[in-house]
Amino acid sequence: MSRKVTLFTGQWADLPIDELLPLVKKMGYEGVELACWGDHFEVSRALAEDSYVVELWEKLQANDLSCYAISNHLVSQAVCDLIDERHQAILSPNIWGDGDPEGVRQRAAEEMKNTARAARKFFDARPDDTVIHPVVNGFTGSSIWHALYAFPPTSQEYLDNGYKDFANRWTPILEVFEEVDINFALEVHPTEIAFDTASAERALEAVSNHKRFGFNYDPSHLGYQGVDYIRFIRNFPDRIYHVHMKDVWWGHGDGSVGVFGGHTDFTDARRFWDFRSLGHGDIKFEDIIVALNDIGYTGPLSIEWEDGRMDRVHGGTEAADFTRKVDFKSNALAFDAAFDQANQ
């Protein structure tokens, strides 16, 4: 059975769910990864209203779609971050509150616990017999991202304290994920506690390899950094809980902007790197599929569509087709097994 091709709805949250789902089906998808913003998945309603999750599944079924993951990147970003006015734009008023940084972080942590509980209630209401372990994707935030360049000189003790802060804030959240049998998948990404392979290893160690902490694999955040994004899969074969299909190109600017982005906007032609629609960047997706097959990943391939240079419906449609073409099942029989007379 081929992996399901789904669309992450985060970049489509300007469209109401009732308008988006028919479009998702029209673009060629089999399911969605529901974002916890817009009206796509409302954590508070899922917990308070028994009919909410049932009706959401009915909407999905009416459009011949399914769901295997929900995502709460915006709230989870605030759990460990150094909070400033930018966070108010991505957080609901009940999470932002009076804007006191520690209060924001604590409310975000409680909301992530509730996200796990809401996910369990939602997936328990699934009307079919699909067997894929449910996942909540998201970010972690980081109290030490600002120290990335290590100047003023930054000691390992200073960085260790950042990982301790991450562990102290996220371990209680992960315990709730354990209680409800839901996995949390961090999208390894700049600004998070894990943004490459080395920092991902350190994050796992910080939470004592908690079994509910894994990764939402997204090669687009690794390739332009110079991180071996295929090796990442092979380094964490039992921690790839979800996969984002997303492309990026690098080395296409005019030489005036480097990897750090030069405080330019996406699509600025001077940029060294930028996100592209699937198949238009530099990520080697066939190598990814081979590695995913090698580790036995059978979950969805969820397209996080971002390309500031392309119409999103055109790009979303093209991306679904691209993913379906590049994906393939593992061979159930060694190619030379037919030479054995026992198999003839």
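Residues numbered from 1 in each chain as written. Predicted model: local features only at pLDDT ≥ 70, side-chain atom pairs only at ≥ 80, totals over all residues. Heavy atoms only, no water.

Q: Whenever I open this one, the layout of surface pockets confuses me. Can you help?
A: Empty space among the atoms becomes apparent when a probe as large as a water molecule is rolled across them. In this model, the largest pocket occupies a volume close to 1,500 Å³. Every residue lining the largest pocket is counted, 40 residues in all, and those nearest its centre are R86, W145, H189, P190 and T191. Looking at the lining of the largest pocket, the elements that each hand over two or more residues are α4 (73–77), α5 (85–88) and β9 (273–276). A class-by-class count of the residues in the lining of the largest pocket yields 16 nonpolar, 16 polar and eight charged. (1 Å grid on protein atoms, 1.4 Å probe; cavity = no way out; pocket = protein on both sides within 12 Å on 5 of 7 lines; lining within 4 Å. Points joined across faces, edges and corners; volume = space filled by probe spheres on them. Helix = DSSP H or I, 4+ residues; strand = E, 2+ residues; numbered from the N terminus. Nonpolar A, V, L, I, M, F, W, Y, C, P; charged D, E, K, R; others polar.)

Q: Can you help me understand a nonpolar patch on the surface in this one?
A: On the surface, a nonpolar cluster with roughly 650 Å² of combined accessible area is contributed by L148, Y149, F151, V259 and F260. Using a relative accessible area of 38% as the deciding quantity, one classes L148 as partly exposed. (Patch = residues over 30% accessible without salt bridge, like charges linked within 9 Å, V, L, I, M, F, W, Y side chains within 5 Å. Areas by Shrake-Rupley, 256 points an atom, 1.4 Å probe, with all protein chains shown as cover. Salt bridge = Lys/Arg side-chain N within 4 Å of Asp/Glu carboxyl O. Buried < 20%, exposed > 50% of the residue type's maximum accessible area, 1.4 Å probe, protein only.)

Q: Can you help me understand the nonpolar core in this one?
A: Across soluble globular proteins, you tend to see nonpolar side chains buried next to one another. Judged by nonpolar contacts, the single largest core of 95 residues is most densely connected at F41, I70, F122 and F213. Leave out the neighbours within four places in its chain, and F41 touches L34, A35, C36, A46, Y52, L56, I70, A118 and F122. (Core = buried A, V, L, I, M, F, W, Y, C linked by side-chain atoms within 4.5 Å. Contact = heavy atoms within 4.5 Å.)

Q: Where do I start with the environment of D218 in this structure?
A: Its place among the elements puts D218 in the loop between β6 (213–217) and α10 (229–235). According to the relative accessible area criterion, D218 is buried, its value standing at 2%. Taking the C-alpha atoms as reference points, D218 and D84, 134 residues apart in sequence, are found 27 Å from one another. When neighbours within four sequence positions are excluded, D218 is seen to be in contact with E187, H244, K246 and E304. Here the side chain of D218 touches S220 through a polar contact of 2.7 Å, side chain to side chain. (Polar contact = N/O pair within 3.5 Å; in protein donor to acceptor, adjacent residues only side chain to side chain.)

Q: Just to check I follow, could you spell out helix α1 (residues 17–26) for this structure?
A: The periodicity of an α-helix, 3.6 residues per turn, causes residues three or four places apart in sequence to face the same way. Buried within α1 we find I17, L20, L21 and V24. Along the long axis of α1, the arc covered by the buried residues comes to 100°, so they all point the same way. Residues of α1 that are exposed and angled more than 90 degrees away from the buried face: D18 and K26. On its buried side, α1 packs onto β1 (5–8), β2 (31–35) and α3 (50–62). Immediately downstream of α1, the backbone of G28 shows phi near 105°, a positive value. (Arc of directions from axis to C-beta.)

Q: Explain the pairing of β1 to me, please; I cannot follow it from the model alone.
A: In regular strands, side chains alternate between the two faces of the sheet. Across the two faces of β1 the burial is the same, with V5 and L7 and T6 and F8 all buried. Here β1 runs beside strand β10 (residues 301–303); their pairing, made up of three bridges, is parallel. Along β10, the bridge assignment pairs L7 with I303. Bridging between β1 and β2 involves three bridges; their strand directions are parallel. Its bridge partner being in β2, T6 is matched across the sheet by G31. (Pairing = 2+ DSSP bridges.)

Q: I keep staring at the sheet that holds β10 and nothing clicks. Help me out?
A: Strand-to-strand pairing in sheets goes through backbone hydrogen bonds, with the strands running parallel or antiparallel. The parallel closed barrel is built from eight strands, whose spatial order is β1-β2-β3-β4-β5-β6-β7-β10. Each strand of the sheet is rotated relative to its neighbour by a mean of 35°, with strand direction disregarded. Relative to β10, strand β7 (residues 240–245) runs parallel, the two being bridged by three bridges. The residue of β10 that forms the bridge with H244 is S302. (Axes fitted to C-alpha atoms, helices over the stretch in contact; angles between N-to-C directions.)

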